[in-house]
Amino acid sequence: MKNIIVGLLGFGNVGTGFAAILEENRKIIENTLGCSVIVKKILVRDPGKYRDTVIPEELFTADADEILTDPEIHIIVELIGGIQPACDYIKKALENGKHVVTANKAVIALYGKELFELADKNRVSIRFEGSVGGGIPIISSLTKSLAANEIEEIVGIINGTTNYILTRMDESGLGFQEALAEAQSKGFAEADPTSDIEGEDAAYKLAILTHVAFGVQVNPKEIPYTGIGQISEKEIDFARQLGYKIKLLATVRRHDGCLDLHVHPALVPFEHPLAAVSYEYNALYIRGNAVGEVMLYGKGAGSLPTGSAVLGDVIEVVQIIKNKIGEKNTFADKYQFKPKAISSGSSAYYIRLQVKDRPGVLGKITTAFGRNGISLESVVQRGRGGLSVPLIFVTHEADREMLDAALKEVSAIESVEEVASILLVQNKS
Ligand code: NDP
Ligand code: HSE
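Quick caveat: nothing in here was measured; it's all calculated off a predicted structure.

(A) Focus on the site of ligand 1. Around ligand 1 lies a shell of 24 residues, among which Arg-45, Lys-49, Tyr-50, Glu-190 and Gly-302 are the nearest. Note that an oxygen atom of ligand 1 is positioned 2.9 Å from one of the backbone N or O atoms of Phe-11. At 2.4 Å from an oxygen atom of ligand 1 is found a side-chain nitrogen or oxygen belonging to Tyr-50. A total of 910 Å² of accessible area belongs to ligand 1 in isolation, and the protein chains cover 87% of it. Residues that form the shell around ligand 1 fall into these classes: 10 nonpolar, nine polar and five charged.

Listed below in structure tokens is the structure:
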């Protein structure tokens, strides 16, 4: 079979990883496919910057059209990131009859449905394994190995940068900014790391998982998300003393015909498998109605792990081209699931208050919780006899609106100085 020609958009962390694996494992790939995969051109903003790389200088261009309209190119691999111009480049590639592979979670979360339909219309494929969980084969697991299931729940750690930061703060007592700088230097963070830190990147990924696993397209902006910006070394220490690790969890769950989904820092009990997921590693716990529980684990960010997922997609697309398999890229029809409502659902909560250490304060607070229907599992006071002490409550499962009503009342108690922290608590299994 004739060789497959690729146009690569972007040559940063993931683009270089993709090219390095293509070179290193060329023989394995050729033996698998019976042909070679050849990168013809690479789009970057500033070709001069790439003069000293191992790639011949003439491969680099700053003109996207040189790649997107080249009739010789079969597959466009989009690794420039951001929403625009990446989204327009993908559209143009599909309209020009080119297959597309991307790791761009923002574009797939916001415009996935439109792009999948465009791919179907133009009888080409679009693949996006690298967009969620780096090197973990989560999309192909959902679309292939677990395709016989009705998925009931997915809970995961799906942002490598924040997991790396939380791990470094926990294990080495590193400050937030230093830990972030390390994650950036290792190539895990987005160009603008606020997307990682504030939970937006995880919300994009959760929107993609929801689309693939449930056939429901949610606007990622409507997913309730909170990041780790407020998590201090002190909070990590309190959680540890209570038997928990703090992790940024993304959850989507089918519940009474509704879909509950959110991204939130959560206390994960030491004995839960997600508590052991450290550094840039990600993990996804999936529950299907036939398979039961499945857990996928691996590097969720980084040049080679993500390059591996992207190249895996390219190999699959080459097989589709070679075998002339017609396929559907859209998801919605398969599931026919129309949730009655989309909400953030209920959870157990960890609440840390800062209070004046006076007799009777605890009674007033627990009464306010009780009056608003919030049942408490435990109360811990750290320190004694000072003017101001932290008071930590772990609730039983509660609705967020009821919790907010209770906390409004609690905040009005004279001795309560501050509701210092509200985190979710993941159950043990
Ligand atoms: P980088 O910032 O490291 O690289 C981006 C590359 O794209 C650079 O070569 C840059 O060229 C080029 N580029 C950016 N904007 C343009 C533009 N407008 N026109 C032409 N070229 C452009 O990004 P990453 O490799 O880290 O990420 C790429 C994608 O992969 C993103 O969507 C990201 O979310 C996703 N991803 C990243 C992971 C990671 O671990 N880093 C993991 C999973 C997914 P120049 O240098 O000239 O500006
Ligand atoms: N910035 C992302 C992360 C890259 O840290 O998880 C992988 O999608």
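(B) Region of interest: the side chain of Gln-354. Within the secondary structure, Gln-354 is located in strand S13 (residues 346–356). Of the polar contacts made by the side chain of Gln-354, one reaches the side chain of Ser-388; its length is 3.0 Å.

(C) Expanded view of the site of ligand 2. Lining the immediate surroundings of ligand 2 are Lys-105, Asn-159, Gly-160, Thr-161, Phe-188, Ala-189, Glu-190, Asp-196, Asp-201, Lys-205, Gly-300 and Ala-301. Between ligand 2 and Lys-105 there is a distance of 2.6 Å, counted from an oxygen atom to a side-chain nitrogen or oxygen. At 2.8 Å, a side-chain N or O of Lys-205 approaches an oxygen atom of ligand 2. Isolated, ligand 2 exposes 250 Å² of accessible area, and the fraction of that covered by the protein chains is 93%. Only helix H7 (160–172) and helix H10 (200–214) provide two or more residues apiece to the shell around ligand 2. Across the shell around ligand 2, the residue classes tally to three nonpolar, four polar and five charged.

(D) View of the environment of Phe-331. Mapped onto the elements of the fold, Phe-331 is located in the loop between helix H12 (303–323) and helix H13 (332–335). Residue classification places Phe-331 among the buried positions, given a relative accessible area of 12%. As for Phe-331 and Gly-12, which are separated by 319 residues in sequence, their C-alpha atoms are 31 Å apart. Once residues within four sequence positions are removed from consideration, Phe-331 is found in contact with Phe-116, Phe-128, Thr-143, His-211, Val-212 and Gly-215.

(E) Quick peek at the nonpolar core. Counting 84 residues, the largest nonpolar core has Leu-94, Ile-126, Ile-138, Leu-142, Ile-154 and Leu-209 as its most contacted members. With 10 residues, H10 is the largest single contributor of residues to this core. The residues contacting Leu-94, other than those within four sequence positions of it, are Val-100, Leu-115, Leu-118, Ala-119, Asn-122, Val-124, Ser-125 and Ile-126.

Rules used in this analysis
- Residues numbered from 1 in each chain as written.
- Chains lettered and ligands numbered in written order.
- Predicted model: local features only at pLDDT ≥ 70, side-chain atom pairs only at ≥ 80, totals over all residues.
- Heavy atoms only, no water.
- Near = heavy atom within 4 Å.
- Polar contact = N/O pair within 3.5 Å; in protein donor to acceptor, adjacent residues only side chain to side chain.
- Areas by Shrake-Rupley, 256 points an atom, 1.4 Å probe, with all protein chains shown as cover.
- Nonpolar A, V, L, I, M, F, W, Y, C, P; charged D, E, K, R; others polar.
- Helix = DSSP H or I, 4+ residues; strand = E, 2+ residues; numbered from the N terminus.
- Buried < 20%, exposed > 50% of the residue type's maximum accessible area, 1.4 Å probe, protein only.
- Contact = heavy atoms within 4.5 Å.
- Core = buried A, V, L, I, M, F, W, Y, C linked by side-chain atoms within 4.5 Å.

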